[in-house]
Amino acid sequence: MQRRDLLKLIGVGTLVASIENKVLSSTFNKNKGPIVLSTWYNQSVLANVEAWKILEAKGTALDAVEAGVQVSENDINNCCVGLGANPDREGHVTLDASIMNHQYEIGAVAALERIKSPIHIARLVMEKTPHVMLVGLGAQEFAVSQGAVLESTILSSHAQKAYDEWLKKSEYKPILNIEKKGGSQMPDPMKSGEFNHYTIGMIAMDIEGNLSGACTTSGMGFKMRGRVGDSPIIGAGLYVDNEVGAATATGHGEEVIRICGSFLVVEFMRQGYSPEQACKKAVERIRAKTPRDTKDIQVGFIAINKKGEHGGYALHDGFDYGVTQVGTATQQVKSKFILP
Ligand code: SD4
């Protein structure tokens, strides 16, 4: 079934409308939180709704971001998050995730296979171990020890199709900047093998004014076996400093790691830059420092600060994000970009 048909079937329009009404009736104070934003509007629409339910009920930002990104992890039609996603070039779906709360507590998993919710395992790493990251088989064994089910290795039908297509040339060409201009509004972007970077990074502020973030992905489609991107690396794909703000990234992980991207965005906000300016300065840093040709690289950052202001910026056109706050349904924000 096509994703849009599925959405029609479950009546997403009605769902969003009813959430909107609920949000409108909220008594929370605009600009003081809560607020939640996540990468790629197409998935934000559903993910933010789930997070908002928690925020509106005065739950924590941590619970909100975990529940929010799980919507994408559970969506078997998502090309780039969870077990339905594109595999690596050996045909294995390997998942990366990280989570960070307002108390500098962090957890992450990388190269995790056959586990439905890597973000939950990242949270368990944070809460139940003295460590901050588990990888590969060790991460999987830990997940199972915590009650996670070992899922099948069978690829989702769209991932199998995309993989079969990729195998025809087996060309390792990690080029991510393939959005059409104007953001993720094209039909079914989550599903096609053509699209390979719809990581969900979500950052939120709760009613107490506390910040948290989560980031989860299958990484770059058809990546080398064992390759890990920015998403599970605290400071790269995600960073939270409760005194300053939070940031998360999507796009070419190697470039985000190179500049410690999300950390850098938060540090720019600490220096007084707005979330949008901070994200812009981070993508400018990539443009200035990368040894690669920027025409083949897409990176987008989103950020919020303690005032509840938000912003984003990308290297190329096509990046967007969804924002949900008091008095609004999830709004699409088309990111500005620095390259022509
Ligand atoms: C990675 N940053 O593994 C991820 C890919 C991505 O949207 O963001 N996709 O490099």
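The structure displayed is predicted, hence computed values, not measured ones.

### Here we look at the overall build of the protein
Then, in step 1: If you tally the helices and strands in the protein, you get ten helices and 13 strands.
Then, in step 2: With 340 residues in all, the protein has 59% of them scored as buried.
Then, in step 3: For the protein, the accessible area works out to roughly 13,700 Å², and carbon and sulfur atoms hold 52% of it.

### Quick notes on helix α5 (residues 118-128)
Then, in step 1: Of all eleven residues making up α5, eight are buried, and the element is well covered by its neighbours.
Then, in step 2: The secondary structure elements touched by the buried residues of α5 are α4 (61-74), β2 (95-100), β3 (106-112), β4 (133-135), α6 (136-145) and β6 (211-217).

### Topic: the side chain of T94
Then, in step 1: Locating T94 in the fold gives a position in the loop between α4 and β2.
Then, in step 2: The buried category is assigned to T94, whose relative accessible area is 4%.
Then, in step 3: A polar contact of 2.8 Å, which involves the side chain of T94, links it to the side chain of K223.
Then, in step 4: Those residues in contact with T94 that lie beyond four places of it in its chain are D88, A111, L112, E113, T217, S218, K223 and R225.

### Focus on the packing of helix α9 (residues 261-270) against helix α10 (residues 275-289)
Then, in step 1: It is at 8 Å that the axes of α9 and α10 come closest, and there the two elements cross at 135°. When the axis of α9 is compared with that of α10, the two are oblique. For α9 against α10, the interelement crossing comes out right-handed. For the pair formed by α9 and α10, the contact residues are G261, L264, V265, F268 and M269 on the first element and P275, A278, C279, K281, A282 and R285 on the second.
Then, in step 2: Its residues assigned to classes, the contact of α9 with α10 comprises eight nonpolar, one polar and two charged.

### Topic: a nonpolar patch on the surface
Then, in step 1: On the surface, V132, M133 and V135 cluster together into a nonpolar patch covering about 230 Å² of accessible area.
Then, in step 2: Considering the arrangement of structural elements, one finds V135 in strand β4.

### Focus: the nonpolar core
What tends to happen in soluble globular proteins is that the nonpolar side chains get buried as a cluster.
Then, in step 1: Core analysis: the biggest nonpolar cluster contains 45 residues, and L37, V265, F301, I304 and L315 have the highest contact counts within it.
Then, in step 2: The next biggest cluster of nonpolar side chains, apart from the first, holds 31 residues, and it includes A47, F142, A214 and V326.

### Some words on the site of the ligand
Then, in step 1: Inspection of the region around the ligand gives H197, Y198, T199, G219, M220, R227, G229, D230, S231, T250, G251 and G253 as its neighbouring residues.
Then, in step 2: With respect to the ligand, the side chain of T250 contributes an N or O atom lying 2.7 Å from an oxygen atom.
Then, in step 3: Note that an oxygen atom of the ligand is positioned 2.9 Å from one of the backbone N or O atoms of G253.
Then, in step 4: Computed on the free molecule, the ligand has an accessible area of 290 Å², of which 100% lies beneath the protein chains in the complex.

### Concerning the state of the cysteines
Then, in step 1: For the structure on display, the rule yields one disulfide.
Then, in step 2: Here C79 pairs with C80 through a disulfide, and the sulfurs are 2.2 Å apart. Disulfide C79-C80: the torsion about the S-S bond is -90°, which places it as left-handed. Each member of the pair, C79 together with C80, is buried.

### Thoughts on the pattern of salt bridges
Then, in step 1: Tallied over the entire structure, the rule returns 15 salt bridges.
Then, in step 2: The residue E113 makes a salt bridge to R225 at a minimum N-O spacing of 2.9 Å. Of this pair, E113 sits in the loop between β3 and α5 while R225 is found in the loop between β6 and β7 (238-241), placing the two residues 112 residues apart along the sequence.
Then, in step 3: The exposure class assigned to R225 is partly exposed, which follows from its relative accessible area of 40%.
Then, in step 4: Among the ionic pairs, K295 bridges to D296, the shortest N-O distance being 3.5 Å.
Then, in step 5: Via salt bridges that share partners, D63, E66, R123 and E127 belong to a single interconnected network.

Parameters at a glance
- Residues numbered from 1 in each chain as written.
- Predicted model: local features only at pLDDT ≥ 70, side-chain atom pairs only at ≥ 80, totals over all residues.
- Heavy atoms only, no water.
- Helix = DSSP H or I, 4+ residues; strand = E, 2+ residues; numbered from the N terminus.
- Buried < 20%, exposed > 50% of the residue type's maximum accessible area, 1.4 Å probe, protein only.
- Areas by Shrake-Rupley, 256 points an atom, 1.4 Å probe, with all protein chains shown as cover.
- Contact = heavy atoms within 4.5 Å.
- Polar contact = N/O pair within 3.5 Å; in protein donor to acceptor, adjacent residues only side chain to side chain.
- Axes fitted to C-alpha atoms, helices over the stretch in contact; angles between N-to-C directions.
- Parallel < 35°, antiparallel > 145°, perpendicular 65-115°, else oblique.
- Left-handed = near helix turned anticlockwise from the far one by under 90°.
- Nonpolar A, V, L, I, M, F, W, Y, C, P; charged D, E, K, R; others polar.
- Patch = residues over 30% accessible without salt bridge, like charges linked within 9 Å, V, L, I, M, F, W, Y side chains within 5 Å.
- Salt bridge = Lys/Arg side-chain N within 4 Å of Asp/Glu carboxyl O.
- Core = buried A, V, L, I, M, F, W, Y, C linked by side-chain atoms within 4.5 Å.
- Near = heavy atom within 4 Å.
- Disulfide = S-S within 2.5 Å.

Keep in mind that these numbers describe shape and distance, not what the molecule does.
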